[in-house]
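Here's the letter readout for the chains.
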Amino acid sequence: MRFAYTILYVEDVARSLAFFHDAFGFDSGFVDEGGDYGELDTGETRLAFSSRTLMRQLGKMPGTPEPNAPVFEIAIETTDVAATLERACTAGAVVVQEPREESWGQTTAYVRTPDGYLVELCSPVAMPS
């Protein structure tokens, strides 16, 4: 077995794909012809988006993210957290936490996407020598 993908439910799949491309440089992978489902090329485990409309048609009742009370986060690793934060904000993200050095040897920052999802921007964890 392997962890294949995570799907975020959004109002506009194309807009979400464009945001993640502009903010983090991920290219679109598979996008269905109706535009209600799309994946980003993020490596072996993909990040995908499905429209809330499609989910309702499939009998599911998707909720919406609560930015002030998130129940999960997406982490994007980068060697330059500050530059990635700036790029994400230019693309439409909202800063939740400015970059800071953590006691475990990592730099972290947080943004909220236009769809309300929490994204951690983090450096690789510095391994002790």
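1. A few points about the sheet that holds strand S1 (residues 5-10)
- Pairing within the open sheet is mixed, and its four strands lie in the order S1-S4-S3-S2. Among the strands making up the open sheet, the edge pair consists of S1 and strand S2 (27-31). Across this sheet, the average inter-strand angle for adjacent strands is 30 degrees, counted without regard to direction.
- Inspection of the sheet shows strand S3 (residues 37-41) paired to strand S4 (residues 46-51) by four bridges, in the antiparallel sense. From the neighbouring strand, glycine 38 faces S4, where its bridge partner is phenylalanine 49.
- Its contacts with the sheet put helix H1 (residues 13-24) on S1, S2, S3 and S4, and the angle it makes with S4 is roughly 150 degrees.

2. Digging into the sheet that holds strand S7 (residues 107-112)
- Taken in spatial order, the four strands of this open sheet run S5-S8-S7-S6, and their pairing is mixed. On the outer flanks of this sheet lie strand S5 (74-77) and strand S6 (94-101), each paired with one strand and no other. Each neighbouring strand pair of the sheet contributes to a mean axis angle of 20 degrees, computed without reference to strand direction.
- Across four bridges, S5 lies against strand S8 (residues 118-122) in parallel orientation. Of the residues in S8, the one forming a bridge with isoleucine 74 is valine 119.
- Across the sheet, helix H3 (residues 81-90) is in contact with S6, S7 and S8; its angle to S6 comes to roughly 175 degrees.

3. As for the pairing of S2
- Judged from the three bridges that link them, S2 and S3 form a sheet pairing that is antiparallel. In the strand pairing of S3, valine 31 is matched with glycine 38.
- Where S2 hands over to S3, the hairpin turn is made up of five residues, of which glycine 35 adopts a positive phi near 80 degrees.

4. Topic: the packing of aromatic side chains
- Tallying each qualifying case throughout the model produces six aromatic pairs.
- Judged by centre distance (6.1 Å) and plane angle (45 degrees), the rings of phenylalanine 30 and tyrosine 37 are tilted.
- Here tyrosine 37 falls in the buried class, since its relative accessible area comes to 15%.
- Measuring from ring centre to ring centre gives 5.9 Å for phenylalanine 72 and tyrosine 117, while their planes differ by 45 degrees; the resulting arrangement is tilted. Of this pair, phenylalanine 72 sits in the loop between helix H2 (52-57) and S5 while tyrosine 117 is found in the loop between S7 and S8, placing the two residues 45 residues apart along the sequence.

What counts as what
Residues numbered from 1 in each chain as written. Predicted model: local features only at pLDDT ≥ 70, side-chain atom pairs only at ≥ 80, totals over all residues. Heavy atoms only, no water. Pairing = 2+ DSSP bridges. Helix = DSSP H or I, 4+ residues; strand = E, 2+ residues; numbered from the N terminus. Axes fitted to C-alpha atoms, helices over the stretch in contact; angles between N-to-C directions. Contact = heavy atoms within 4.5 Å. Phe/Tyr/Trp six-rings, centres within 6.5 Å; stacked < 30°, edge-to-face > 60°. Buried < 20%, exposed > 50% of the residue type's maximum accessible area, 1.4 Å probe, protein only.

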